[in-house]
Amino acid sequence: MIDLLTSPEGVNPVVISAVFAASPERLFDAWTRAEDLRKWFGNDPSDLTAIHLDLSVGGLWRFEMKAKNNKAEYLEGQYINIDRPRFLCFSWVHVVVTHEDHQRQTPPSQVSVHFEALGAATRITLEHKEIASPSGRIGVRTGWKASFQKLAKSLALEGERHIN
């Protein structure tokens with residue numbers, strides 16, 4: 001990764017931008033294939049227990065996470081716009097279910113991801129908007145920043161495997 005730029009903490013929308021040493025096609029795949037997402041998404045990708053993707057406009061996606069503290073957590077949404085390999089847009093809801101089957105969820109927000117070719121590299125600019133609370137925006141910014149860093153590491157390891 002050449003650089004990482006983020007919007008100030010707590011601001012709406014959350015914007016993260018970084019340049020990766022990979023093609024737009026490879027990066028788009030990293031965002032839309034379960035086997036790739038498992039390598040880099042979230043604060044701890046090993047927390048993902050299941051990934052369901054219906055990569056079509058109107059299709060649903062859902063990430064299931066390990067239960068912790070008697071709570072099950074899910075991230076889920078619907079694909080709004082798909083323009084491979086340039087653009088991806090989807091809704092986002094964080095759902096928490098307690099052991100007593102009480103469910104709470106965040107209001108829907110929206111994530112837009114732009115993939116801009118820069119020669120042999122690609123700039124990804126993510127905008128996560130309509131996050132209801134400042135604390136939610138801080139958490140989302142932290143999560144996306146960590147995910148971008150893990151994506152860069154995953155791509156670097158992938159590149160090393162191809163060289164060896």
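The text that follows walks through the structure, step by step, so that each part is easy to find. (Residues numbered from 1 in each chain as written. Predicted model: local features only at pLDDT ≥ 70, side-chain atom pairs only at ≥ 80, totals over all residues. Heavy atoms only, no water.)

Tallied over the full model, the rule gives 11 salt bridges. Of the charged contacts in the structure, one is a salt bridge between Arg33 and Glu35, with a shortest N-O distance of 3.4 Å. You can call Arg33 partly exposed: its relative accessible area is 33%. One salt-bridge network, in which partners are shared between bridges, spans Arg26, Asp29, Arg33, Glu35, Asp36, Lys39, Arg84 and Glu158. (Salt bridge = Lys/Arg side-chain N within 4 Å of Asp/Glu carboxyl O. Buried < 20%, exposed > 50% of the residue type's maximum accessible area, 1.4 Å probe, protein only.)

Before going further, it helps to examine empty space enclosed by the protein. A complete count under the given rule lists 2 cavities of 30 Å³ or more for this structure. By volume, the largest cavity is sized at about 100 Å³. Lining the largest cavity, in full, are Trp31, Leu37, Trp40, Phe41, Leu53, Trp61, Phe63, Tyr79, Leu88, Phe90, Trp92 and Trp144. Every element with two or more residues in the lining of the largest cavity is listed here: helix H2 (34-40), strand E4 (60-68) and strand E6 (87-98). Per-element tally for the lining of the largest cavity: the top contributor is E6, with 3 residues. Classifying every residue of the lining of the largest cavity gives 12 nonpolar, no polar and no charged. Of the voids in this model, the second largest cavity is the one considered here, and its volume is about 30 Å³. In terms of lining, the second largest cavity is formed by Arg26, Ala30, Asp36, Lys39, Trp40, Leu151, Ser154, Leu155 and Glu158. (1 Å grid on protein atoms, 1.4 Å probe; cavity = no way out; pocket = protein on both sides within 12 Å on 5 of 7 lines; lining within 4 Å. Points joined across faces, edges and corners; volume = space filled by probe spheres on them. Helix = DSSP H or I, 4+ residues; strand = E, 2+ residues; numbered from the N terminus. Nonpolar A, V, L, I, M, F, W, Y, C, P; charged D, E, K, R; others polar.)

So, about the layout of surface pockets. A volume near 660 Å³ is recorded for the largest pocket. Those elements giving two or more residues to the lining of the largest pocket turn out to be E4, strand E5 (71-83), E6 and helix H3 (134-163). Element by element, the count of residues in the lining of the largest pocket is highest for H3, at 7 residues. Here the lining of the largest pocket is composed, by residue class, of 11 nonpolar, 12 polar and 5 charged.

The subject of this paragraph is the side chain of Asp36. Mapping Asp36 onto the fold places it in helix H2. Accessibility expressed as a relative area gives 3% for Asp36, which makes it buried. The residues touching Asp36, leaving out its near neighbours within four places in the chain, are Arg26, Asp29 and Ala30. (Contact = heavy atoms within 4.5 Å.)

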